[in-house]
Amino acid sequence: MKQAVMLFATGFEEVEALMAVDILRRGGVEVKLASITEDMAVCGSHGIQVGMDTTLVQTELKEMDAILLPGGMPGTLNLGKDEAVCRALKQMNEAGKIVGAICAAPSVLGACGILEGRRATCYPGFEDKLTGAEFVDEMAVADGNVVTSRGLGTAMEFGFMLLSILESQEKSDEIRRSIVFPY
């Protein structure tokens with residue numbers, strides 16, 4: 001079974017995070033919700049508290065197939081200023097594991113040097129924060145092991161793209177049909 005970890009910081013965008021987690025779990029990927037602090041409940045940008053499975057410090061990254069970042073404000077800023085987050089992203093990228101980010105969070109990948117020479121997308125207005133990347137105006141973009149997406153309105157496509165990479169296109173299509181989401 002494939003495993004992924006979604007990193008949570010105070011002020012994350014709830015739907016972006018939980019939509020990707022939900023689609024991946026429906027598709028058979030074990031996804032751990034990991035706080036970047038010691039807090040086992042993290043409050044999103046719209047006041048919704050989400051219980052965590054673990055913390056980043058407790059996560060065995062070598063066992064993970066993917067590491068994911070939701071957007072949101074100030075969640076993205078909180079992720080970006082945490083050195084352990086950047087170390088984890090670099091470790092996963094260097095191991096060739098999937099590194100995914102949505103909305104403003106691809107800016108964190110840019111700041112960590114992960115987007116160099118890649119195609120990527122992000123929330124409008126953050127294009128200049130995709131350091132080293134070629135901006136692509138698409139709902140979700142996969143370039144090698146890096147997957148980026150634009151925002152809440154593209155969260156389902158982000159989840160489906162991740163599932164197609166981690167499991168298969170057939171599994172992604174199956175889950176898409178099961179939740180009655182159009183192609």
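Up top is the structure.
J.: Please provide a residue-by-residue account of the environment of Ala95, values included.
T.: Note on placement: Ala95 falls in the loop between α3 (83-94) and β7 (98-102). Given the relative accessible area of 51%, Ala95 is considered exposed. Sequence spacing of Ala95 and Gly132 is 37 residues, and the spatial spacing of their C-alpha atoms is 20 Å.

J.: Lay out the packing of helix α1 (residues 14-26) against helix α5 (residues 155-166) in plain terms, naming residues and giving numbers.
T.: Interhelical geometry of α1 versus α5 gives an angle of 35° and a closest axis separation of 8 Å. When you trace α1 past α5, the crossing you get is right-handed. Counting all contacts with α1, which are made through Val15, Glu16, Met19, Ala20, Ile23 and Leu24, the residues of α5 involved are Ala155, Met156, Phe158, Gly159, Phe160, Leu162, Leu163 and Leu166. Classifying every residue of the contact of α1 with α5 by side-chain character gives 12 nonpolar, one polar and one charged.

J.: Please give an account of the sheet that holds strand β6 (residues 66-69) that cites residues and values.
T.: An order of β5-β2-β1-β6-β7-β11-β10 is seen for the seven strands of this open sheet, with the pairing classed as mixed. Two strands close off the open sheet at either side, each with one partner strand: β5 (54-55) and β10 (140-143). With four bridges joining them, β6 and β7 adopt parallel strand pairing. Paired with Ile67 across the bridge in β7 is Val99. Here α3 sits on the sheet in contact with β1 (3-8), β6, β7 and β11 (146-149), set at roughly 140° to β6. In this fold α5 packs onto β6, β7, β10 and β11, with an angle of close to 175° to the strand it touches most, β7.

J.: Go over unusual backbone geometry with me, naming the residues and quoting the values.
T.: At the junction of Met73 and Pro74, the peptide bond is cis and its omega measures out at 5° in the coordinates. If you trace the backbone, Pro74 turns up in the loop between β6 and α2 (75-80). With a phi angle near 70°, Cys103 is a residue other than glycine that sits in the positive phi range. Relative to the elements of secondary structure, Cys103 occurs in the loop between β7 and α4 (106-111). For Val180, which is not a glycine, the phi torsion comes out positive at approximately 60°. With respect to the element layout, Val180 can be found in the segment after α6 (169-178). When its relative accessible area of 73% is taken as the criterion, Val180 is described as exposed.

J.: Explain the environment of Leu33 to me, and be specific about the residues and the numbers.
T.: Here Leu33 is to be found in strand β2 (residues 30-35). For Leu33, a relative accessible area of 7% corresponds to the buried category. Put simply, Leu33 and Met64 are 31 residues apart on the chain and 12 Å apart in space, counted from C-alpha to C-alpha. Residues within four places of Leu33 in sequence aside, it is in contact with Met6, Phe8, Val21, Arg25, Val50, Gly51, Met52, Asp53 and Thr54.

J.: For the packing of α5 against α6, give the residues involved together with the corresponding values.
T.: Helix packing geometry: the angle between the two helix axes and the distance between the axes. Following both chains from N to C, one finds α5 and α6 inclined at 145°, their axes separated by 7 Å at the closest point. Residue-level contacts link Glu157, Phe160, Leu163 and Ser164 of α5 to Gln169, Lys171, Ser172, Ile175 and Arg176 of α6. Looking at side-chain class alone, the contact of α5 with α6 contains three nonpolar, three polar and three charged residues.

Conventions we followed
- Residues numbered from 1 in each chain as written.
- Predicted model: local features only at pLDDT ≥ 70, side-chain atom pairs only at ≥ 80, totals over all residues.
- Heavy atoms only, no water.
- Helix = DSSP H or I, 4+ residues; strand = E, 2+ residues; numbered from the N terminus.
- Buried < 20%, exposed > 50% of the residue type's maximum accessible area, 1.4 Å probe, protein only.
- Axes fitted to C-alpha atoms, helices over the stretch in contact; angles between N-to-C directions.
- Left-handed = near helix turned anticlockwise from the far one by under 90°.
- Contact = heavy atoms within 4.5 Å.
- Nonpolar A, V, L, I, M, F, W, Y, C, P; charged D, E, K, R; others polar.
- Pairing = 2+ DSSP bridges.

Any link to function would need more than the numbers given here.
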